[in-house]
Each structure stands twice: as C-alpha cells, then as structure tokens.
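Here is what each chain is made of, one letter per residue.
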Amino acid sequence: IDTAQTLSTTRIDAYGVTPTHATAAFAELLNWVEETADLTRPDRIHWVEGSDVEREALLADMVDSGALIKLDETLRPGSYLARSDERDVARLESRTFIASNSRDDAGPTNNWADPAEMRGRLTALFDGSMEGRTMYVVPFSMGKVGGPLSQIGVQITDSPYAVASISIMTRVGAEVTELIAGGSPWVRTIHSVGAPLDGSTPDVAWPSNDDKYIVHFPDTLEVMSFGSGYGGNAILAKKCFALRIASVQGRNDGWMAEHMLLIRVVSPEGRAYHVAAAFPSACGKTNLAMLRPTVPGWRVETLGDDIAWIRPGSDGRLYAINPEAGFFGVAPGTGVSTNITAVETLHRDVIFTNVALTDDGDVWWEGLTDEAPEHLIDWRGDDWTPDSGRPAAHPNSRFTVSAAQSPSIAPDWEEAVPLDAILFGGRRASNVPLVVEAFDWGHGVFMGSTISSERTAAAEGTVGELRRDPFAMMPFCGYNMADYFAHWVEMGEVASPPAIFQVNWFRKGTDGRFLWPGFGENSRVIEWVVRRIEGAAPAVDSPIGRLPEELNLDGIDVPQADLDELFAIDAEGWLAEADMTEAFYDTFGDRIPDALREQLAALRARLASP
Ligand code: GTP
Ligand code: SPV
Ligand code: MN
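All values derive from a computational prediction rather than experimental measurement.

Analysis parameters
- Throughout, a residue's number is its position along its own chain's written sequence, starting from 1.
- Following the order in which they are written, the chains are lettered starting with A and the ligands numbered starting with 1.
- Thresholds applied to this predicted model are a pLDDT of at least 70 for local features of residues and 80 or more for the giving and counting of side-chain atom pairs; totals over whole chains, interfaces and linings are not thresholded and use all residues.
- Side-chain descriptors were evaluated using all non-hydrogen atoms of the structure, hydrogens and water having been removed beforehand.
- Helix numbers and strand numbers start at the N terminus; a helix is a DSSP run of H or I with at least 4 residues, a strand a run of E with at least 2.
- Throughout this description, a polar contact denotes any pair of N or O atoms lying within 3.5 Å of each other; where both atoms belong to protein, one of them has to be capable of donating a hydrogen while the other can accept it, and for residues adjacent in sequence the pair is counted only when both atoms sit in side chains.
- Any residue under 20% of the maximum accessible area for its type is buried, any over 50% is exposed, and the rest in between are partly exposed; the area is computed with a 1.4 Å probe on protein chains only.
- Residue contacts are counted whenever heavy atoms from the two residues lie within 4.5 Å of one another.
- If DSSP finds at least two bridges between two strands, the strands pair.
- Here, the term nonpolar core denotes a set of buried Ala, Val, Leu, Ile, Met, Phe, Trp, Tyr and Cys residues that are joined through side-chain atoms within 4.5 Å.
- Lines fitted to C-alpha atoms define the axes, with helix axes restricted to the stretch in contact, and inter-axis angles between N-to-C directions lie between 0 and 180 degrees.
- To estimate the expected span of a helix, count its residues, drop one, and scale the result by 1.5 Å.
- To get the bend at any residue, fit one axis to the seven residues that end at it and another to the seven that begin at it, then take the angle between the two axes.

## Some words on the side chain of Asp469
Thought 1: Its location among the elements puts Asp469 in the loop between strand S29 (466-468) and helix H14 (481-491).
Thought 2: For Asp469, the side chain forms a polar contact with the main-chain nitrogen of Met473, separated by 3.2 Å.

Structure, rendered in structure tokens:
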C-alpha cells in the first residue's frame, strides 16, 4: 500500500480517529472499513472510541428508538432491558460454519463451507444490508490492551445493542487503533442484523433476518455474521473470535483457547491455587466462577467465567488469562440462595436481555426470588401472572455486566495466573460421579475428550437430550477436533502440567431430584481438589479414576444413600459409554491420537477386571 497516497489527513479525519502513526497498517484498516461500507451502504459510519460520554449517548438513542427499556434509576441505576425477536434467542449451531480451505480442517463436528462459495453468498447478503442504519467500527482487545497473551480485533456492526455489549465484554478504544496502526496483527469481524431500512417502514425494537449465518474463516482470521443480534451470534469477540478463531491461532502458535471459567482458590492456610473449569453452555461456569464457599476458611476470587487462553510459561507451568472484560451470564437460576455474588454484581450498569419487567421498573426471572411477583411483563412483552403457566423470563435470558464490578473479582484479574487444576464437567443425570481425578495428564485429556452433557437452552435443540461435548468445545472448536485432542496431548508435555478432574453437579436420583445440593456446597469438591494437589487428601482408585476416600460434609446433611449413588460406578454403564466413545472417535477416522485409543483400551480393561 502506498501510504502517502491512501492515507491523506482528510481521509483519517473523516472518521474522527487520528492515530499517532499514519502507517500502512492503519491504511489497511481504513481500506477494509471503506470496502465494507461500500458493500453494506450504511447512512453513517461511527468509529467507536469507548468513552463514557459516547456510551451514554448510544444507550439514550436506543431508549429513544425503543430498542432498550430504561430500568428504574433508583432500583437499578444505569441499567436497561432488551427484548429480542422471538426467533432470535440463542446461539444457532446449525447456522454456524467453519469455512476453512480444506474440509478436513473443519472436521466432522463442524458445519463446513467452501470459503469462496460462502464469501459469495455472504457478499450478496451484506449487499446494502446496512441501508438506513449506522455502521459502527469497534476496535477491541481481548485481554488487557498490549498484554503478553492478548489479541486484538475490530468488529463492524450495524447493531447498537452489539456495540453496547462489546463495550462491556471487551476493552474498546483508541489504544487498540494505535496498536493496529503500529502493526499488531488483528482479526476482522463483520456483523449485520440484515434488516436494512428503506425509509418507508419504521424500525423494530430487535431487527434481525430469518436467514442467519455465523461464519468463520480460520485461514484468513475473519468472522462474518448475518441475521442475528443475539449473544454469541453477534458479539463476535466472544465465541467466534476468542474460541473458534483463537483455537486455530493457538494450535498454530502453541497455546490454547478454551471454554473455561478461571478462579483463584485461597485455602484456610492462605495458600492460593488457580483452577480452570470447562463446562458446556448453561452448565455452571458463571456460578462456579463466583463461588462463595460454605466450607469455613475458604475463599474464591473470580478471574473469568467463560473463556480462558492458556500458554506455557518459561517455568514449565501453564498460564491462563480471561480474555474478556465482562460477564454474559444466564439469568434464570441466579438468586440469593444460589449465586449471591452475581446478584450483588448486578446492582447497577447492567444490560438485561429477555428477562421479565416488574411493575416498578425492575427485572425478575425464575429463581431470583423464591416467590414470583404477582404481576410482570414477560420477556415477550405480554402480561404475566404466576398462574400464566409459562416462564416469565426466557430460559436463555442473560445479563451483561462488567467483570470489574463483581465483589468477588480478583484484584489482579487482568494478569496471567499459573494453573494448578483443570476440571471438566457437564450435566449428567446418571453414571458420572460428583468428582473423579485423572491418573495423569494423558488420562485427563481422554476424560475431556469423552465429555457428554444434556442439552440446555443456550443453543437451539431439544433441552435434556444427551450429546457429546468434549472439553465443552464441541460448538466452539474452529478446527478438526481430532487435531484439537492431539494438541491437548502435546500441551501437557510441560514440566508441571495441572492436575485434571471430572465433576458432575447434576446427577439425579431415581426420583428425578438432584443428589448434590450444588452451588456454594461445590466448595467441598474444590477443597478436595486442592488437598489432592497438596498431596494431603487420600483417594481410592476406581476403573475411571481416583475417587475421594472422604469428602468434607460437616454442616450439611446429604443422606448416605444419596452419597453412595453420587459416587456409584456402574461398570456396565461405563462399558456402554466406552462403546459410544469408540463410535465417536471413529467419526474422525485415523486422525484420533493413538494415545487416546490406548486410554480407551485401558479403561475397558480396568472396567472388565476392577
Ligand atoms: P454459559 O454462560 O451459557 O456458558 O453457562 P454457564 O456454564 O456459565 O452456566 P451458569 O453458571 O450460568 O449456570 C447455568 C444454570 O445452571 C443456571 O440456571 C444455574 O442456576 C444452574 N447451576 C449452576 N450451578 C449449579 C449447581 O451446582 N447445581 C445445580 N443444580 N444447578 C446449577
Ligand atoms: C454460551 O452459549 O456458551 C454463552 C452464551 O456463553 S453465547 O455468548 O451466546 O455463546
Ligand atoms: Mn456463563
């Protein structure tokens, strides 16, 4: 690029951004913005600078247009409610594509699309898609700006709701534009709700398009998303970049992008341990991230609730950061008795989506309080009473809030921390015990690769149906999952890899009731995990791994029969799981690492002669 020619001062000034270096790298960004505007034909371009004034104005505009409802300023200061279109309430895995050059690189677990063909289809969809709207340019950093494990990107979008959300979930601002101008690599993400305005019909509160595409181009580090305004479909920094694209970057460059919460556990002796946990969507990450231990003397600090980027340090340990800056958390089930920390986090400056509105201008959802208010406006905008016979809040209704305002946030939450333990979990009504420790890294990777979980409302599909979700990454791995498993095997070749555990808070009795009280009581499992790391708690070997010889149950009353069932290992059930694992592995052909096939054979042998 001829910098002098393409980067005249007037050209830069047109956007109100003036990086200190008017470099070729900056010209490339400008060219991309202008090409996208030429295609999508918005009325205006707004380069987002990330200031408070700008944010206030954006929110006020959305209240004026009906896109947001301002909540009562005394009850819930600085907070808003958005109601989505009824057909746009969750991630859409069937509309999510990995457009890698080679179909094999996407693997059997992803929808693959030919990149050239898909680009053609998207170009047609984006043609004029922003007419009548503002095109926002949002430079963002995942991880603190300029941090050693951080990555940057730019999202172009015509959704002010997406802009407001990205401003909470990532670090947005001029410093990022500076980094781009300075030559830092960045990821291009383009989003349109696909609802151009022709001037004759008025806008709707939640514009979207029935034709939806969430497309990733891992070979060129790009994301294009069309038609949906919801969460992971529209906040492209999150699942699209920080997991799907970043998982590919990590494979190429020797690090990992994982669907994990990140916490610091402080023991009564004052020793700190760092634990990451991969649970599928709506399976307890945010709750564990904000755990308030019921075991006296233990403390948990929050570092992240959804995504961790992990890289080997020079000391032979694995270091992790939370690349996000906010929480996009599930509302239903979040209450004083389950997650008091979240309730306290949500006292101000929150964007709620698809929860119910109270008569005094506050919000409510199932589980916030034991008793529902007598009258509400439900997530669709209709009158609701407790005998309406339907939920007031959508099961996947969410809050968007800054991480820094959580009372449990670690003071150094933006720094990398060394991992002591990794947990894998899911929703399993049967078979999987409350906690089991892997024999070693290789066995732990095998465990991760075999995780199944019951479907939740976080994505489309039948809630409750059991499905494979290895490493909780099934919907988020941007490349062939067999290669991803191999990458995991390799990443354990550091001198001191973390210990690995499998947990399950969701095992049910024959009467359909959860056997384990969960939430704050999960600290009892965390206590055992830490004591194992310290070499201070005994374990007994079982065919599937090491079980606690004893769990601290002081102060709670879990019937012995429930405990027995929580830890029951049914050899036949596990042999059946082993058969399903083999069938799953076979879908990858011979790309599955030998090490995992050997782990499967060893599991079968242990189950045959316990
Ligand atoms: P995403 O944000 O979609 O990735 O979900 P998440 O993994 O962060 O799940 P979250 O912590 O929001 O929990 C999802 C649902 O599971 C909520 O309704 C919680 O109340 C419920 N839940 C979380 N932890 C427990 C637990 O220990 N026991 C039981 N029974 N339910 C739990
Ligand atoms: C999930 O589904 O795992 C979420 C919500 O955290 S979304 O951002 O929509 O992916
Ligand atoms: Mn969450």
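Moving on, there is more to tell.
## Re the environment of Glu324
Thought 1: With respect to the secondary-structure elements, Glu324 resides in the loop between strand S17 (318-321) and strand S18 (326-330).
Thought 2: Exposure remark for Glu324: the relative accessible area of 1% places this residue in the buried category.
Thought 3: The spacing of Glu324 and Glu521 is 197 residues in sequence and 27 Å in space, taken between C-alpha atoms.
Thought 4: Dropping the residues within four chain positions of it, Glu324 is found in contact with Met142, Met169, Arg171, Lys238, Asp305, Asp306, Ile307 and Trp413.

## A short note on the pairing of strand S6 (residues 134-142)
Thought 1: Among the nine residues in S6, nine count as buried, and that is most of the element.
Thought 2: Side-chain alternation along S6 places Thr134, Tyr136, Val138, Phe140 and Met142 on one buried face and Met135, Val137, Pro139 and Ser141 on a second face that is also buried.
Thought 3: Alignment of strand S1 (residues 44-47) against S6, held across four bridges, turns out to be parallel. Bridge pairing links His46 to Tyr136 in S6.
Thought 4: Bridge count between S6 and strand S7 (residues 151-157): seven bridges; the pairing is antiparallel. Of the residues in S7, the one forming a bridge with Tyr136 is Thr157.
Thought 5: Relative to strand S8 (residues 171-172), S6 runs antiparallel, the two being bridged by two bridges. For Ser141, the partnering residue across the bridge sits in S8 and is Arg171.

## Here's the deal with the nonpolar core
Thought 1: Membership of the largest hydrophobic core comes to 156 residues, with the highest contact counts inside it found for Phe352, Leu423 and Trp488.
Thought 2: If one sorts the elements of this core by residue count, helix H10 (residues 237-253) sits on top with eight residues.
Thought 3: If we skip the residues at most four places from it in the chain, Phe352 touches Leu71, Arg76, Ser79, Tyr80, Leu81, Ala82, Leu346, Val363, Trp365, Arg398 and Phe399.
Thought 4: Residues Leu30, Phe97, Met135 and Met224 belong to the second largest nonpolar core, which totals 31 residues.

## Topic: the sheet that holds strand S12 (residues 256-258)
Thought 1: Strand order in the open sheet made by the four strands is S12-S16-S17-S25, with antiparallel pairing throughout. Of all the strands in the sheet, the pair left with one neighbour each is S12 and strand S25 (417-418).
Thought 2: Bridge count for S17 against S25 is two bridges, and the pairing is antiparallel. Among the inter-strand pairings, Ala320 is bridged to a residue of S25, identified as Val417.
Thought 3: Contacts from H10 reach S12 and strand S16 (308-312) within the one sheet, and its direction differs from that of S12 by about 155°.
Thought 4: In the packing of H14 onto the sheet, contacts are made with S12, S16 and S17, and the angle to S12 comes to roughly 115°.

## Description of H10
Thought 1: With 17 residues, H10 should reach 24 Å at 1.5 Å per residue; the first-to-last C-alpha distance of 19 Å falls well below that figure.
Thought 2: Along its length, H10 shows its largest kink, about 45°, at Ala246.
Thought 3: Within H10, 14 of the 17 residues are buried, which leaves it mostly tucked inside the rest of the structure.
Thought 4: In the stretch just after H10, Gly254 is the one whose phi turns positive, near 80°.

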